Amino acid sequence: QVQLAESGGGLVQAGGSLRLSCAASGRTFSSYYMGWFRQAPGKEREFVAAISWSGGYISYADSVKGRFTISRDNAKDTVYLQMNSLKPEDTAVYYCAAGVVAGFTRDKYDYWGQGTQVTVSS
């Protein structure tokens, strides 16, 4: 079992930045691919970014490329999502997830956090 806890969400103006953190506990964090997803009201949960255990594989959704950066610190069992140049359409609940394979869909991930709200005002 892996337990995940997100933090760092909040209210920010368009053009601003936020850094989300996801702290993991339980089984060996460094064994897992880590992903960030988001879900806006009335919409499906969508892929945002993913990173391999070594950091050698990183992938982003087209909508966040060039603005968001995913990273991880295996010594701290934490994955981060740095979000810059935020737009109102980035407003959503952001979830981190852990899985044993890389993927862009929810079914590739076995463990999920509770989510943290990000609201971007125009």
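Because the structure is predicted, anything quoted here is derived from the model rather than measured. (Residues numbered from 1 in each chain as written. Predicted model: local features only at pLDDT ≥ 70, side-chain atom pairs only at ≥ 80, totals over all residues. Heavy atoms only, no water.)

This brings us to the pattern of salt bridges. In total, this model carries 5 salt bridges according to the counting rule given. Between Asp 90 and Arg 67 there is a salt bridge whose closest N-O contact spans 2.8 Å. One end of the pair, Asp 90, is in the loop between β8 (78-83) and β9 (92-99); the other, Arg 67, is in the loop between β6 (58-60) and β7 (68-73), with 23 residues separating them in the sequence. Residue Asp 107 pairs with Lys 108 through a salt bridge whose shortest N-O separation is 3.8 Å. Exposure remark for Asp 107: the relative accessible area of 59% places this residue in the exposed category. (Salt bridge = Lys/Arg side-chain N within 4 Å of Asp/Glu carboxyl O. Helix = DSSP H or I, 4+ residues; strand = E, 2+ residues; numbered from the N terminus. Buried < 20%, exposed > 50% of the residue type's maximum accessible area, 1.4 Å probe, protein only.)

Quick look at the sheet that holds β8 now. Sheet architecture is open: 4 strands sit in the order β1-β3-β8-β7, paired in antiparallel fashion. Looking along the sheet, the strands with just one partner apiece sit at the ends: β1 (2-7) and β7. If you compare each strand with its neighbour and ignore which way they point, the axes differ by 15 degrees on average. Taken together, the 6 bridges between β7 and β8 define a ladder with antiparallel strand orientation. Each bridged residue has a counterpart across the sheet, and for Phe 68 the counterpart in β8 is Met 83. (Pairing = 2+ DSSP bridges. Axes fitted to C-alpha atoms, helices over the stretch in contact; angles between N-to-C directions.)

Here we come to the state of the cysteines. Note on terminology: disulfide describes a covalent bond linking the sulfur atoms of two cysteines. For the structure on display, the rule yields 1 disulfide. The disulfide partner of Cys 22 is Cys 96, and the S-S distance across this bridge is 1.9 Å. Its S-S torsion of about 45 degrees marks the bond between Cys 22 and Cys 96 as right-handed, since a negative value means left-handed. With Cys 22 in strand β3 (residues 18-26) and Cys 96 in strand β9, the pair connects residues that are 74 residues apart, well separated along the chain. Summarising the burial analysis for this pair, Cys 22 and Cys 96 share the class buried. (Disulfide = S-S within 2.5 Å.)

Let us now look at the nonpolar core. Residues Leu 4, Met 34, Trp 36, Leu 81, Met 83 and Tyr 94 are the most contacted members of the largest nonpolar core, which totals 35 residues. Elements supplying a minimum of two residues to this core: β1, β3, β4 (33-39), β5 (46-51), β7, β8, β9 and β11 (116-121). Not counting the four nearest positions on each side in its chain, Leu 81 is found in contact with Leu 18, Arg 19, Leu 20, Trp 36, Val 48, Ala 49, Phe 68, Thr 69, Ile 70 and Tyr 94. (Core = buried A, V, L, I, M, F, W, Y, C linked by side-chain atoms within 4.5 Å. Contact = heavy atoms within 4.5 Å.)

This model, assessed by the stated rule, comprises 7 aromatic pairs. Relative to Tyr 109, the ring of Phe 37 lies with its centre 5.3 Å away and its plane at 80 degrees, an arrangement referred to as edge-to-face. Linking Phe 37 in strand β4 with Tyr 109 in the loop between β9 and β10 (111-112), this pair joins segments that are 72 residues apart in sequence. Residue Tyr 109 is classed as buried on the basis of its relative accessible area, which comes to 4%. Grouped by ring-pair contacts, the aromatic residues Phe 37, Phe 47, Phe 104, Tyr 109 and Trp 112 constitute a single cluster. The ring of Trp 112 carries Arg 45 above its face, with NZ or CZ at 5.1 Å from the centroid. Sitting over the ring of Trp 112, Arg 106 keeps its end group 5.8 Å from the ring centre. (Phe/Tyr/Trp six-rings, centres within 6.5 Å; stacked < 30°, edge-to-face > 60°. Lys NZ or Arg CZ within 6 Å of the ring centre and 35° of its normal.)

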